[in-house]
Amino acid sequence: MTVINTIRGIGHRIINAVWRIGVAARFFFLTLLYSGNSFRRFHLIIKELFSSGVMSLIIIIVAGLFVGMVLGLQGYETLKRYGSESALGVMVALGLVRELGPVMAALLFASRAGSAMTAEIGLMKATEQISAMEMMAVNPIARIVAPRFWAGVISMPLLAALFSAVGIFGGYLVGVVQIGVDEGSFWSQMQAAVDFREDILNGVIKSLVFGTVVTLIALFEGFDAPPTAEGVSGATTRTVVTSSLAILMLDFVLTAIMFRGA
Amino acid sequence: MSPPALVEIRDLNFTYDKRPVLQGINMTFPRGKLVAIMGLSGCGKTTLLRHIGGALKPNRGYVRMDGQVMHELSPAGLYAMRRKMGMLFQFGALFTDMSVYDNVAFQMREHTDLPEDIIRSLVVMKLNAVGLRGAQNMMPSELSGGMARRVALARTVALDPMLIMYDEPFAGLDPISLSVIGDLIRRLNDALGATSIIVTHDIQESLKIVDYVYFMANGVIVAEGTPDELRASDTDFVRQFMHGEMDGPVPFHYPGADYRLDLNLRA
């Protein structure tokens, strides 16, 4: 009997997981469908850009600076062995623009803004604000979800770009100012080696994908949270865990498609 | 002949998880009247309100509002119908990220193209009607429970609905706020020419203001009448409910195993 129960339990979990993916896909579709209102009343998106984008600036800038400084230090140590310290600028810039910028910014965004979105919407549901909105004949997906979704999609590439820019400055501080790598070769090699389409554009595409996925997970978890204290806290945790894993897995997939040894 | 009732409920049945929640409910809410639905917690009152709002579909029977059957409406038709309704939720359900002013203005901004100065005048009038014109710049977190309920009431009537529903409007209020809210419900109903449905278990306060009462227990109507008829009623259930007696048709004990067996005592 226990074997059958175990198998039944596994099957039940799988069916539930597939079911949730379906519900999330429907949620995504509805969000896109009801997005028109957000663009007609753009101030709704601007308000959310402030709370998810602008309020994430500090964490993105501080984290970017330190990641760039570590890259500068580690990069110098490695490149020195091959006598190519002058390529430090290239290494820092490519590392940030292609990978660390989009990935780290998305991870930070998920834990700073994503968790806040989930908790906010979950609590709105628990305090009947969403039911109240429905009873007022206002579609909560159009009014609450869509502006937040587009704010996330818009702010993510900007935050990732800022992360990379500040990170490059951090690498410059450590590599050029502190260690004494030649400033001219640091910048000129970086300019020569970083390709706009190949590196920067691909980085922007990555951060757009991450922004879409993270924001969608955060909004869906909030909207789907059981309206209790436990439900909201569980949903917030799931937002951070699921979106972090999704970012790292998608990063591998996107990298494999974009840079497969070409 | 009197005009047809605003809301009619006929033979409404609803089952949740194989458990019958509503069984054969028949109710009539005439225009301009204030009707209370009373009963114990969990007797299906809120479920009934959700049917009237079109949030749930019945298994049998129907709710007809203003000539249309709620569960047969398309999503667009349902939203159009809901614009004629207002609902006050148990704890107000104010939008916590908006000020009192923005909460009351919310529906006007969502559903109308009125210029901001007219919206301002309307909001100030609605807030004045509930005595909170001076609190328009406060946030919901700064309000007391009674004030939040009054702001929610102003928001509920923002677009002058035909039907106003109240879900436990008296829950958790101090005696002064309680009578203020009761008085407001009656006055707003009469001033707007609306029809109101109050779901409550506060007997004393609601009998003062309502025109008619339905008593529910376990998903069926067990008694109905005007406040005077109910005060004079000698039905067991009504008496137990009206006087808050511990035991009667509604038992004090939740059904369980034999007490002696639970205590491991053998006879």
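These numbers come from a predicted model, not from an experiment. (Residues numbered from 1 in each chain as written. Chains lettered and ligands numbered in written order. Predicted model: local features only at pLDDT ≥ 70, side-chain atom pairs only at ≥ 80, totals over all residues.)

**Looking at the overall build of chain B**
Assigned secondary structure in chain B consists of 10 helices and 10 strands. Against the 2.2 N^0.38 benchmark of 18 Å for 267 residues, chain B shows a C-alpha radius of gyration of 20 Å, consistent with a compact globule. Each of the three principal axes of chain B carries a C-alpha extent, and together these read 80 × 40 × 35 Å. In chain B, which comprises 267 residues, the proportion classed as buried is 36%. For chain B, the proportion of contacts with a sequence separation of at least 24, taken over those separated by at least 6, is 64%. (Helix = DSSP H or I, 4+ residues; strand = E, 2+ residues; numbered from the N terminus. Rg over C-alpha atoms; globule rule 2.2 N^0.38 Å. Buried ≥ 20, exposed ≤ 12 C-beta atoms within 10 Å, placed from the backbone. Contact = placed C-beta atoms within 7 Å.)

**Let's talk about the overall build of chain A**
The helix and strand inventory of chain A stands at 10 helices and 0 strands. Along the chain direction, N to C, the helices and strands of chain A fall in the order α-α-α-α-α-α-α-α-α-α. Along the first, second and third principal axes, the C-alpha set of chain A runs to 65 × 55 × 30 Å. A buried classification covers 45% of the 262 residues belonging to chain A. Contacts in chain A between residues far apart in sequence, at least 24 positions, make up 87% of those at least 6 positions apart.

**Description of the packing of helix 3 (residues 42–53) of chain A against helix 7 (residues 140–179) of chain A**
All names here are of chain A. Close contact between helix 3 and helix 7 brings their axes to 8 Å; oriented N to C, the two are set at 50 degrees. Considering their axes alone, helix 3 and helix 7 lie oblique with respect to each other. As helix 3 packs across helix 7, the resulting crossing turns out to be right-handed. When helix 3 is examined against helix 7, the residues L44, I45, E48, L49, S52 and G53 are found in contact with a partner set consisting of P147, R148, W150, A151, G152, I154, S155, L158 and L159. Across the contact of helix 3 with helix 7, the residue classes break down as 9 nonpolar, 4 polar and 2 charged. (Axes fitted to C-alpha atoms, helices over the stretch in contact; angles between N-to-C directions. Parallel < 35°, antiparallel > 145°, perpendicular 65-115°, else oblique. Left-handed = near helix turned anticlockwise from the far one by under 90°. Nonpolar A, V, L, I, M, F, W, Y, C, P; charged D, E, K, R; others polar.)

**Points about the interface of chain B and chain A**
If you look at the interface, chain B gives 12 residues, while chain A gives 9 residues. The residue inventory of the side of chain B that touches chain A, partitioned by class, reads 7 nonpolar, 2 polar and 3 charged.

**Observations concerning helix 7 of chain A**
Residues and elements named next belong to chain A. Helix length check: helix 7 (40 residues) gives 55 Å between terminal C-alpha atoms against 58 Å at 1.5 Å per residue, within 8%. Most pronounced at A146, the bend in helix 7 amounts to some 35 degrees, and the proline P147 follows within four residues. The buried fraction of helix 7 is high, at 29 of 40 residues. Following helix 7 by one or two positions, G180 adopts a phi angle in the positive range, close to 100 degrees. (Expected span 1.5 Å × (residues − 1). Bend = angle between axes of the 7 residues up to and from the residue.)

**Thoughts on the sheet that holds strand 4 (residues 60–65) of chain B**
All names here are of chain B. Taking strand neighbours across the sheet as the criterion, the 4 strands line up as 2-1-4-5 in an open arrangement whose pairing is antiparallel. In the strand order of this sheet, the two ends are held by strand 2 (19–29) and strand 5 (68–69), each with one partner. Pairing of strand 1 (residues 7–16) with strand 2 involves 7 bridges; the strand directions are antiparallel. Looking at strand 2, one finds that T15 is bridged to P20. (Pairing = 2+ DSSP bridges.)

**Let's talk about the sheet that holds strand 6 (residues 85–88) of chain B**
Each strand in a sheet pairs with another by means of backbone hydrogen bonds, the pair being arranged parallel or else antiparallel. Residues and elements named next belong to chain B. Within the open sheet, the 6 strands sit side by side as 6-7-8-3-9-10. Their pairing is mixed. Every other strand in the sheet has two partners, leaving strand 6 and strand 10 (220–225) as the edge strands with one partner each. Strand-to-strand twist in this sheet, taken as the mean axis angle between neighbours without regard to direction, amounts to 15 degrees. The pairing of strand 3 (residues 34–39) with strand 9 (residues 212–217) spans 5 bridges and is parallel. Within the sheet, the bridge partner assigned to V35 lies in strand 9 and is Y212. Packing of helix 5 (residues 145–156) onto the sheet brings it into contact with strand 6 and strand 7 (163–167), and relative to strand 6 it is tilted by some 170 degrees. Those strands touched by helix 6 (residues 175–192) are strand 3, strand 7 and strand 8 (195–200), and its axis lies near 160 degrees from that of strand 8.

**What about unusual backbone geometry?**
Positive phi, normally seen in glycine, also occurs at A:E128, with a value near 65 degrees. Looking at where A:E128 falls in the secondary structure, it is placed in the loop between helix 5 (88–126) and helix 6 (129–135). At B:D17, a residue that is not glycine, the phi angle is positive and equals roughly 55 degrees. On the secondary structure map, B:D17 appears in the loop between strand 1 and strand 2. When the 5 C-beta atoms within 10 Å are taken as the criterion, B:D17 is described as exposed.

**A closer look at the packing of helix 7 of chain A against helix 9 (residues 196–224) of chain A**
All names here are of chain A. At their nearest, the axes of helix 7 and helix 9 sit 8 Å apart, and the two run at 145 degrees to each other. Two packed elements cross with a definite hand, and for helix 7 against helix 9 that hand is right-handed. Between helix 7, through V145, R148, F149, G152, V153, M156, P157 and A160, and helix 9, the contact on the second element is made entirely by G203, V204, S207, L208, F210, G211, T212, V214, T215, L216, L219 and F223. Classifying every residue of the contact of helix 7 with helix 9 by side-chain character gives 13 nonpolar, 6 polar and 1 charged.

**Overview of the confidence of the model for chain B**
Taken as a whole, chain B shows an average pLDDT of 86; of its residues, 95% reach a score of 70 or greater. By mean pLDDT, helix 9 (residues 236–243) of chain B is the weakest element of chain B at 76, and helix 3 (residues 100–111) of chain B is the strongest at 93. (pLDDT = per-residue confidence, 0-100.)

**Points about helix 5 of chain B**
Residues and elements named next belong to chain B. Taking 1.5 Å of rise per residue, the 12 residues of helix 5 would be expected to cover 16 Å, and the 16 Å separating its terminal C-alpha atoms lies within 8% of that figure. Of all the 12 residues making up helix 5, 10 are buried; the element is thus mostly covered by neighbouring parts of the structure. Of the positions making up helix 5, those classed as buried are M147, A148, R149, R150, V151, A152, L153, A154, R155 and T156. Contact partners of the buried residues in helix 5: strand 6, helix 3, helix 4 (116–129), strand 7 and helix 6.

**Thoughts on the pairing of strand 8 of chain B**
Two faces belong to every sheet, and in a regular strand the side chains alternate between them. Residue and element names in this part refer to chain B. Burial within strand 8 is extensive, with 6 of its 6 residues counted as buried. By the alternation rule, side chains of strand 8 split into T195, I197 and V199 and S196, I198 and T200, which are all buried. Taken together, the 5 bridges between strand 3 and strand 8 define a ladder with parallel strand orientation. Bridge assignment links A36 to a residue of strand 8, and that residue is I198. As paired elements, strand 7 and strand 8 share 5 bridges and run parallel to each other.

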